[in-house]
Amino acid sequence: MASEALAVFAPTDGRRRVKANLLVIFAAIALILALIPLVAVFGYVFANGIRSMLSLDFLTQDPPSDLSAAGGGVRNALVGTLEMTGLATLIAVPIALGMAIFAVEVGGRLAQAARFLIDVLAGLPSIVVGIFIYTSVVVTEGHFSGLAGSLALAIVMLPVVTVSAEEILRLTPRPIAEGARALGLARWRAIMSVFVPIGLSGIITGVLLGVSRAIGETAPLIFTSLGNNFFTLDLNEPMQALPLLIYRNALNSAFAPARDRAFGAALLLILIVLGFNLAGRWLTARRRLAGSNR
Amino acid sequence: MTDSVHSPDNADAVERIGLRRRRWTGDLTFRGVLAALAVATTLILGFMMVGSFVTAAPVYEKFGIIGFLTGTKWEPSFTLYGAWPFIYGTVLTSLLALLIAVPISVLIALLLTDLAPARLRGPLGVAVDLLAAVPSVVYGLWGLLVLVPVIRPFEQAVAGTIGKVVPFLGPPTPGPSYFAAAVILAVMTVPIISAVTREVFASTPRLQREAVLALGGTRWDVARTVTLPIGRAGLLAAIVLGLGRAIGETIAVTMVVGNSDNIGTSIFAPGFTLASVIANEFNEATETLHPEALIALGTVLLVISVLVNAGAITIRNRFTGGLRSGF
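All values derive from a computational prediction rather than experimental measurement.

A.B. asks: Summarise the overall build of chain A; cite the residues concerned and give the values.
C.D. replies: A count of helical and extended segments in chain A gives 13 helices and zero strands. Scanning chain A from its N terminus toward the C terminus, one meets helices and strands in the order α-α-α-α-α-α-α-α-α-α-α-α-α. Here the C-alpha radius of gyration of chain A, 24 Å, is well above what a compact globule of 294 residues would show, namely 19 Å. A principal-axis box enclosing the C-alpha atoms of chain A has dimensions of 75 × 65 × 35 Å.

In structure tokens:
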């Protein structure tokens, strides 16, 4: 190793310095290449969407039945997105938390199998999840529904929340875990009233990231909630969502009103997703600061 | 974890306050509930997977598994279904995307672990991560209205010059194409690959990196002798993870890939991927066996992505196992 190192770092010559500088330059170019789309997407969507967003009608009215007609808003899609994602969160979070606790605190062969399932699920294309719900729920019920959409989004969220909750539970500081044991707490008491509360901000971060993932999903909704041009709160009916509305209007973007509607909805969706995403990041950053003296 | 409360010394005390009994039943119930939850979730998801194969069964029966996978004709009006054009499209777009995304991601990861000033690393990292937060339908919208018009002249220029000699770069060049899909996929996989790679690179031993610098090595030497060789397995896992994402990406691809059931011999030709043909044709699938054939494509996608992700998990486990024994 020593002789190799000597050979590698033989007396400084210009070529190596040039190579080092070239590396930095290439890396900087790569970063700029990656950030161009970010700036371009945000800038373009903002510039084209802000006009629709500025009118209150955009949030309080439903779109016209003819996509190419001007006017109207995206109320049905906004409400549908919030309702379906909300229900998906209510379904996914308890299951995810249970799976995470099972994997970390109980263990065993069954926990390993469940862990493997979560890994598989994490890598599954969301469109396949949509097909699952289509063949099991939609076909059985005989119609598309907001409920089916919620179930699909719940499955999309499940691995995101489970994996992050697991990571947090694994990080429970050892002195605290030992303290809980020393107090004579039963395992389940220790988990539920010590470990979970300690990791709560981390678990919430995972939930927020899961929500921000699910809320932007289009593919699984095509086969489950289908979309609906009218406003509905009924989970038994087909339900509109912001991504679906963007998709359908984008495909009709030859018509200026449809195009504008797509951009307005895209801006709204980006703001919602980024809101959840940044809130999650902020919580993580805060936890790191608080935990830095550990 | 050993159970210190149950040592013989305080066994009496434990018995007296009834701790042991309550604790035992409580823990048993807790475990039982969690196990039931895990079993139920596993069963439900397993049932759903089987359900999609059952729904697709008539298609596999009619054409045979091999016949369906290798069939090159997809003509719903003639009840003719072959998956090959879409498998081809998925493989072509994903590999092209990786070709673009991997070098960029590796350089970004190096930049954010070794090269950039420490103060810039955090904000730049967040900016790259934000690329992953943009919903895919928004990328699709942007790709359809901005990217495709921008790259069409480029496609035409390449097809008109180099494309006359090199087989995969010729016409047609309508704009929406495998290539456009690959560019969008590259944008979407860069944050995933670079995030994992960055973690891998950051976990390479700091002492070795500093030793190289102390020996008079440049930052290029650090990357060449420490970061890249040690991070190689993790980098591979990151790439496979990005591949999995690219294979399954649906809506953004649907909006820029050109939507053609034929096999395009040029990367600038319009086509379809497995995921995008399902999304695009599903709501209008009225011909005989058409919905079942699309679900059959879904099962192909399912098998491919499970295989790819199993690969990524295996590599990751070997990598972390190596870390544990190696350091």
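A.B. asks: Quick one: what's the story with the overall build of chain B, residue by residue and with numbers?
C.D. replies: In terms of regular secondary structure, chain B is built from 12 helices and zero strands. In chain B, the succession of α and β elements from N to C terminus is α-α-α-α-α-α-α-α-α-α-α-α. Across the 327 residues of chain B, 51% fall into the buried class. In chain B, the proportion of contacts linking residues at least 24 apart, taken out of those at least 6 apart, comes to 75%.

A.B. asks: Please provide a residue-by-residue account of the domain arrangement of chain B, values included.
C.D. replies: Residue and element names in this part refer to chain B. If you check the domain split of chain B, you get domain 1 (4-60) and domain 2 (68-326). Inter-centroid distance (C-alpha atoms) of domain 1 to domain 2 is 39 Å. Taken together, the seven residues of domain 1 in the interface contact nine residues of domain 2. Here the residues of the side of domain 1 that touches domain 2 are counted per class, giving five nonpolar, two polar and no charged.

A.B. asks: Which residues make up the interface of chain B and chain A, and what values go with them?
C.D. replies: In this assembly, 76 residues from chain B lie in contact with 71 residues from chain A. Among the elements that make up the side of chain B that touches chain A, the one with the highest residue count is helix α2 (residues 19-63) of chain B (19 residues). Among the residues forming the side of chain B that touches chain A, the class breakdown is 51 nonpolar, 20 polar and five charged.

The rules behind each value
- Residues numbered from 1 in each chain as written.
- Chains lettered and ligands numbered in written order.
- Predicted model: local features only at pLDDT ≥ 70, side-chain atom pairs only at ≥ 80, totals over all residues.
- Helix = DSSP H or I, 4+ residues; strand = E, 2+ residues; numbered from the N terminus.
- Rg over C-alpha atoms; globule rule 2.2 N^0.38 Å.
- Buried ≥ 20, exposed ≤ 12 C-beta atoms within 10 Å, placed from the backbone.
- Contact = placed C-beta atoms within 7 Å.
- Domains from an automatic or database assignment.
- Nonpolar A, V, L, I, M, F, W, Y, C, P; charged D, E, K, R; others polar.

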